[in-house]
Amino acid sequence: MMKKRSRTDLDQAVVNVCKRELGQLSTRDFAHRLAASEDLVLRLEIHKKLEKHEGCVNTLSFNSGGDVLISGSDDLRVILWDWETGRVKLSFNSGHRNNVFQAKFMPFSDDRTVVTCAADGECVGDCEESVVVLVKKSDFFARYRAFDIFLIRQAQILEGGEVKTILLGKHKDSRVHKLAIEPGSPHIFYSCGEDGVVQHFDLRTRSATELFTCRSINDPRSFQPYVHLNAIAIDPRNPNLFAVGGMDEFARLYDIRKYNWDGSSDFGQPADYFCPQHLIGNGDTGITGLSFSDQSELLVSYNNEFIYLFTRDMGLGNPPFPSFSSPISTGSDTSEVEPGSIASSSSMDVDGKNAAQAYKGHRNCETVKGVSFFGPRCEYVSSGSDCGRIFIWKKRGGELIRVMEADRDVVNCTEPHPHTMALASSGIDSDIKIWTPKAIERATLPTDIGQVKPKARGWMYRLASPDDLMLQLFSLQRQRTSPESVVQNSVMDRELLELILSFNANSDVSSDDGGDTANLDDSLG
């Protein structure tokens, strides 16, 4: 239940009007307070459903003016929407051969320059059957690595609606989940991939510079030397700083000014690391989403865990790090709390310092979910959930104030409008929901937040390829070798057997198709 308010929204509105008239509150601050009103959040409801895609919608982004929404999907198409009317302004083939994972407008390009990245199919639904068909082939690895080298492309929108796509760069043998656009620059953006590589792009030269490979911390449980990266974000107040996160517990902050463009520097060393103390050394979690606020706060979303807010003074430094040989901090009861419940752990360090604000209640186990700030001054935090809902918290204090039914399955994207209290969302469903504060009645929190139906265990548990199988096997092996889980080896053995049987069952289903890989090429091309 929501906390009882000490004064009504109407009373507060009257006070703000009086302060504005007396000169105690500037017109700009008055407008921001009105736009950030909690009452508006509680009145959000679906304004439009945008229905044109034929697959999972993996990416949403507004242009700088806020009148156009761009989306990308498993159907390999990119669509520009007039979101207020639901009209399609432009729809074009992305040029990718695999699922479009992100599409963004470049700033100051008159909305004519779009950059996109793609990845191999991980989404359930329309793409699942096609992926399983490929798994059984004896020449899988050769075909898989030549299938599409997971490209970054530029789409130039010409006069008359013609679209020209250009290959800009590659992440070899790696999914590419996210791009980060340098604020205010029509030329510069970054990419990160599951190969651990971060690249810098300049559209003036159409060239890519490989900055570094994100290396694993010296953790004896690590089975590979680099970190699979899922997210990258640039600080809007200081575009020299950017953060990356992936399949370990650390969000890493880098300063591009330390890079020597002649390649002579060892730029792979982060300027700072961020992680809740109780997650250090936890091999069962990773980062799926990152976002910077206008105040340079860093929002980090963990799979199988919660969302945390860090300020710059909460960094762990570089060096030192806490010892990985020591047990996970007992200053938290996170291990006893399931994601999806309101009760939660403390994110405070054992010494009482560096307490990151936690946001709880959602589930983030199934897919690579983003996270975002919401409101004119980032007053709120929003995220999708495995239960098909959108969760919205107050940034200050972490109070959950809104839960909205959005998708039949999983919500991956919540994209705030740049100027108004509107929100776009998407996920496994093939449509896009636009939310605006037009409801007559204010919403209340549902009573079953902690009772959402359980999903398949583990992050991205659906096995789409032998690579996914190997990642799951290594993950189980890491759990087996950790000191705190020795007593669970029999359980691990059973899970390992179930994992292999599940993969074999999927592969057997694929053999019934007749093994025509040409059909798969056609479906993805």
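Counting from 1, residues in each chain are numbered in the order their sequence is written. Residues qualify for local features only when their pLDDT is at least 70, as the model is predicted, and side-chain atom pairs are given and counted only at 80 or more; totals for whole chains, interfaces and linings, by contrast, use all residues. By convention in this description, side-chain values take in all heavy atoms of the structure and omit both hydrogens and water.

- For the chain, an unreviewed UniProt entry supplies the name Transducin/WD40 repeat-like superfamily protein and the organism Populus tomentosa.

Digging into the overall build of the chain
Next up, step 1: Helix numbering and strand numbering both begin at the N terminus, where a helix is a DSSP run of H or I of at least 4 residues and a strand a DSSP run of E of at least 2. Of the regular secondary structure elements, the chain holds eight helices and 28 strands.
Next up, step 2: A total of 525 residues make up the chain; the buried ones form 54% of that total.
Next up, step 3: Note on definitions: a residue-residue contact is assigned when non-hydrogen atoms from the two residues lie within 4.5 Å. Taking contacts inside the chain between residues at least 6 apart in sequence as the whole, the part at least 24 apart equals 57%.
Next up, step 4: Residue exposure ignores everything except the shown protein chains as possible cover, and the areas themselves are Shrake-Rupley values with a 1.4 Å probe. Just so you have it, the chain exposes about 23100 Å², and 49% of that area is on carbon and sulfur atoms. Partly exposed residues are those whose accessible area sits between 20% and 50% of the maximum for their type, while under 20% is buried and over 50% is exposed, using a 1.4 Å probe and protein chains only.

Description of the pattern of salt bridges
Next up, step 1: Within this document, salt bridges are pairs made up of a side-chain nitrogen of Lys or Arg and a carboxyl oxygen of Asp or Glu, the two lying within 4 Å of each other. If you walk through the whole model with that rule in mind, you get 17 salt bridges.
Next up, step 2: Residues Lys-394 and Glu-38 are paired through a salt bridge, measuring 3.1 Å at the closest nitrogen-oxygen approach. Taken together, the residues span a long stretch of sequence, with Lys-394 in strand E24 (residues 389-394) and Glu-38 in helix H3 (residues 38-42) at a distance of 356 residues.
Next up, step 3: Taking the relative accessible area as the measure of exposure, Lys-394 reaches 25% and is therefore partly exposed.
Next up, step 4: A salt bridge links Lys-394 to Glu-399, with the nearest nitrogen and oxygen atoms 3.6 Å apart.
Next up, step 5: Overall, the relative accessible area of 19% leaves Glu-399 in the buried class.

Details of the environment of Glu-305
Next up, step 1: You can see Glu-305 is positioned in the loop between strand E19 (298-302) and strand E20 (307-310).
Next up, step 2: Along the chain, Glu-305 and Asp-284 lie 21 residues apart, while their C-alpha atoms are 9.5 Å from each other.
Next up, step 3: Within the local environment of Glu-305, its side chain forms a polar contact with the side chain of His-278, the two groups lying 3.3 Å apart. Under this definition, polar contacts are N or O atom pairs within 3.5 Å; protein pairs additionally need one hydrogen-donor-capable and one acceptor-capable atom, and for neighbouring residues in sequence, both atoms have to be side-chain atoms.

What to know about the sheet that holds E19
Next up, step 1: Think of it this way: DSSP has to see at least two bridges between two strands before they count as a pair. Taken in spatial order, the four strands of this open sheet run E18-E19-E20-E21, and their pairing is antiparallel. The sheet terminates laterally at strand E18 (287-292) and strand E21 (357-359), the two strands that pair on one side only. Averaged over all pairs of adjacent strands, the angle between strand axes in this sheet comes to 20°, irrespective of strand direction.
Next up, step 2: The pairing of E19 with E20 spans four bridges and is antiparallel. By the bridge assignment, Leu-299 is partnered in E20 with Leu-309. The axes used here are C-alpha line fits, helices contributing only the stretch in contact, and every angle between their N-to-C directions lies in the interval 0 to 180 degrees.

Some words on the packing of aromatic side chains
Any pair of aromatic rings gets described here by the distance separating the centres and the angle formed by the planes.
Next up, step 1: For Phe, Tyr and Trp, rings pair up if their centres lie within 6.5 Å, where Trp contributes its six-membered ring, and each pair is then called stacked (planes under 30 degrees apart), edge-to-face (over 60) or tilted (otherwise). The final tally for this structure, using the stated rule, is twelve aromatic pairs.
Next up, step 2: Through successive ring pairs, a cluster of aromatic residues spans Tyr-190, Phe-212, Phe-242 and Tyr-254.

Considerations on the nonpolar core
Next up, step 1: The biggest cluster of nonpolar side chains holds 26 residues, and the ones touching the most others in it are Leu-290, Leu-298, Val-300 and Tyr-308.
Next up, step 2: Of all the elements in the fold, those that place two or more residues in this core are strand E14 (229-234), strand E15 (241-246), strand E16 (251-255), strand E17 (272-274), E18, E19 and E20.
Next up, step 3: Residues contacting Leu-290, with those up to four places away along its chain left out, are Ala-231, Ile-232, Ala-233, Ala-243, Val-244, Gly-245, Ala-251, Leu-298, Leu-299, Val-300 and Val-371.
Next up, step 4: Listed in part, the 18 residues of the second largest apolar core include Ile-188, Tyr-190, Val-227 and Val-244. For the purposes of this section, nonpolar cores are sets of buried Ala, Val, Leu, Ile, Met, Phe, Trp, Tyr and Cys residues that join through side-chain atoms within 4.5 Å.

Some points on the sheet that holds strand E2 (residues 57-62)
Next up, step 1: Judged by pairing direction, the sheet is antiparallel, and its four strands sit side by side in the order E2-E3-E4-E5 without closing on themselves. The open sheet has two edge strands, E2 and strand E5 (87-93), and neither has a second partner. Strand-to-strand twist in this sheet, taken as the mean axis angle between neighbours without regard to direction, amounts to 20°.

A look at the pairing of strand E12 (residues 197-202)
Next up, step 1: With six of six residues buried, E12 lies mostly within the body of the structure.
Next up, step 2: Bridge count between strand E11 (residues 188-192) and E12: five bridges; the pairing is antiparallel. Looking at the pairing, Ile-188 lines up with Asp-202 of E12.
Next up, step 3: In textbook terms, the turn of a hairpin is the stretch between consecutive antiparallel strands, and for E11 and E12 this stretch comprises four residues, one of which, Gly-196, has a positive phi near 80°.

Details of the environment of Cys-214
Next up, step 1: The residue Cys-214 is located in the loop between strand E13 (207-213) and E14 in this model.
Next up, step 2: Using a relative accessible area of 0% as the deciding quantity, one classes Cys-214 as buried.
Next up, step 3: Separated by 18 residues in sequence, Cys-214 and Gly-196 place their C-alpha atoms 5.0 Å apart.
Next up, step 4: Sequence-distant contacts of Cys-214, defined by excluding residues within four places in its chain, comprise Gly-196, Pro-225, Tyr-226, Val-227, Leu-229, Arg-252 and Tyr-254.

Focus on the side chain of His-417
Next up, step 1: Within the secondary structure, His-417 sits in the loop between strand E26 (411-416) and strand E27 (423-427).
Next up, step 2: Here His-417 is in contact with Phe-62, Gly-66, Trp-83 and Ala-422, once residues within four sequence places are set aside.

Describing unusual backbone geometry
Next up, step 1: The phi angle at Phe-108 is positive, at roughly 55°, despite the residue not being glycine.
Next up, step 2: Tracing the chain through its elements places Phe-108 in the loop between strand E6 (99-105) and strand E7 (113-119).
Next up, step 3: Assessed through its relative accessible area of 71%, Phe-108 is described here as exposed.

Some thoughts on the pairing of E19
Next up, step 1: Of all five residues in E19, five are buried, a share of seventy percent or more.
Next up, step 2: The hairpin formed by E18 and E19 contains five residues between the paired strands, and Ser-296 there has a positive phi angle of roughly 70°.
Next up, step 3: Hairpin connection of E19 to E20: four residues between the antiparallel strands, including Asn-304 at a positive phi of 55°.

Comments concerning the confidence of the model for the chain
A low pLDDT means the predicted coordinates there should not be read in detail.
Next up, step 1: Scored from 0 to 100, pLDDT reflects the predictor's confidence in each residue. When pLDDT is averaged across the chain, the result is 75; 64% of the residues are at 70 or more.
Next up, step 2: pLDDT under 50 marks residues 323-348. Its contacts with residues more than four places away, or in other chains, come to 66 contacts.

Describing the environment of Asp-255
Next up, step 1: You can see Asp-255 is positioned in strand E16.
Next up, step 2: Look at Asp-255 and you get buried, because its relative accessible area is 11%.
Next up, step 3: Here the alpha-carbon distance between Asp-255 and Pro-270, two residues 15 residues apart in the chain, equals 7.7 Å.
Next up, step 4: In terms of polar contacts, Asp-255 uses its side chain to reach the side chain of Arg-257, at 2.8 Å.

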